[in-house]
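# What the coordinates show
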Amino acid sequence: MSYHDRVSKEGTPVEALGRGETLRLTAYHEAGHAVMAQLCNQQITEIEIVGDEELSGSVRSLRFAEEHMSKLDPEMAVAPIERRLLCTIAGMVAEAMESGRDGWSEGSEDLDAAVRLAMRVVGDCERVIPYLEVVRGHAETLLRQNWAAVELLTNELLRRRRLTGEEARRLLAPLLSL
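It should be emphasised that the depicted structure is a prediction, and the values quoted were computed from it without experimental measurement. (Residues numbered from 1 in each chain as written. Predicted model: local features only at pLDDT ≥ 70, side-chain atom pairs only at ≥ 80, totals over all residues. Heavy atoms only, no water.)

For strand E1 (residues 44–49), a buried count of five out of six residues is recorded, marking the element as mostly surrounded by other parts of the structure. Direction of pairing for E1 relative to strand E3 (residues 162–164): antiparallel, over a ladder of three bridges. Counterpart to glutamate 48 in the pairing with E3 is arginine 162. (Buried < 20%, exposed > 50% of the residue type's maximum accessible area, 1.4 Å probe, protein only. Helix = DSSP H or I, 4+ residues; strand = E, 2+ residues; numbered from the N terminus. Pairing = 2+ DSSP bridges.)

Here it is in structure tokens:
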């Protein structure tokens, strides 16, 4: 049963989640970033979830090589900035997919970064949100197609809290068709 199904069935408001469920969503968030980074040929160096008060997490990676193009999605241009945008929003998208909550995580650092990147692509404030919705749709499709990889990383993060880039690549290699 998914997290969303449990919350709906039990009638528990998302805001009233316990620390364990919040940490679980953090793991999905970071796994979403990491899986998308692998799909976009970005070099992951570390993934972690932290059991601090904010239940934060992070994915560290090396920058994209500008000349290295991905055949990730033929409907979306594969410019490096757009691949970075996919990686940036993938955490919010994975978390939303698991929790069943729709919408953007207002006030999040990922959303702020996504808006800045989108502005560089579209160059007009009026077009940022519609553009981000298109990118979000692509991210959701790609994550749904690779959900087994997201769940595998989530479970490993919950068990170990930290993975090196090499450990993550070894786990993901059999599941991602790159």
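From this point, the narrative continues.
Turning next to the environment of leucine 143. Here leucine 143 lies in helix H5 (residues 125–145). Remark: the alpha-carbon pair of leucine 143 and glycine 32, spanning 111 residues in sequence, is separated by 7.2 Å. Setting aside residues up to four positions removed in sequence, leucine 143 forms contacts with Gly32, Val35, Met36, Ala90, Val93, Ala94, Met97 and Val150. (Contact = heavy atoms within 4.5 Å.)

Here we come to helix H4 (residues 109–122). An α-helix turns once every 3.6 residues. As a result, residues three or four positions apart point the same way. For H4, built from 14 residues, the straight-helix expectation of 20 Å at 1.5 Å per residue is met to within 8% by its first-to-last C-alpha distance of 20 Å. Every buried residue of H4 is listed here: Asp110, Leu111, Ala114, Leu117, Ala118 and Val122. Angular distribution of buried residues about the axis of H4 spans 125°; they occupy a single face of the element. Away from its buried face by more than 90 degrees, H4 exposes Glu109, Arg116 and Arg120. After H4 finishes, the residue glycine 123 shows a positive phi value of roughly 70°. (Expected span 1.5 Å × (residues − 1). Arc of directions from axis to C-beta.)

Membership of the largest hydrophobic core comes to 44 residues, with the highest contact counts inside it found for Val35, Met36, Leu85, Ile89, Leu143 and Leu153. Those residues in contact with isoleucine 89, other than ones at most four positions away along the chain, are Trp104, Ala114, Val135, Arg136 and Ala139. (Core = buried A, V, L, I, M, F, W, Y, C linked by side-chain atoms within 4.5 Å.)

Moving on, we get to the environment of threonine 141. Within the secondary structure, threonine 141 sits in helix H5. Under the relative-accessibility criterion, threonine 141 is labelled partly exposed at 39%. Engagement of the side chain of threonine 141 in a polar contact is seen with the backbone oxygen of glycine 137, the distance being 3.0 Å. (Polar contact = N/O pair within 3.5 Å; in protein donor to acceptor, adjacent residues only side chain to side chain.)

This part takes up the confidence of the model for the protein. Interpretation of the predicted coordinates at a detailed level should be avoided for regions scoring low in pLDDT. Summarising the model, the protein shows a mean pLDDT of 79, and 70% of its residues fall at 70 or more. Ranking the elements of the protein by mean pLDDT puts helix H1 (residues 3–10) last with 37 and helix H6 (residues 147–160) first with 96. Contacts for the low-pLDDT stretch residues 1–17, under 50 throughout, to residues beyond four places or in other chains number 21 contacts. Ignoring residues within four places in sequence, the model shows residues 74–78, a span with pLDDT below 50, making 10 contacts including any to other chains. (pLDDT = per-residue confidence, 0-100.)

Now for H6. Its 14 residues place the ends of H6 20 Å apart at the C-alpha level, agreeing with the 20 Å of an ideal helix rising 1.5 Å per residue. Residues of H6 that are buried include every one of Trp147, Ala149, Val150, Leu153, Thr154, Glu156 and Leu157, and no others. Arginine 161 occupies a position one or two residues after H6 and carries a positive phi of about 75°.

Once that is clear, we can look at the state of the cysteines. This structure, assessed with the given rule, holds zero disulfides. The cysteine cysteine 87 is free of any disulfide, with cysteine 40 supplying the nearest cysteine sulfur at 4.0 Å. Cysteine 87 gets classed as buried once you look at its relative accessible area, which sits at 7%. (Disulfide = S-S within 2.5 Å.)

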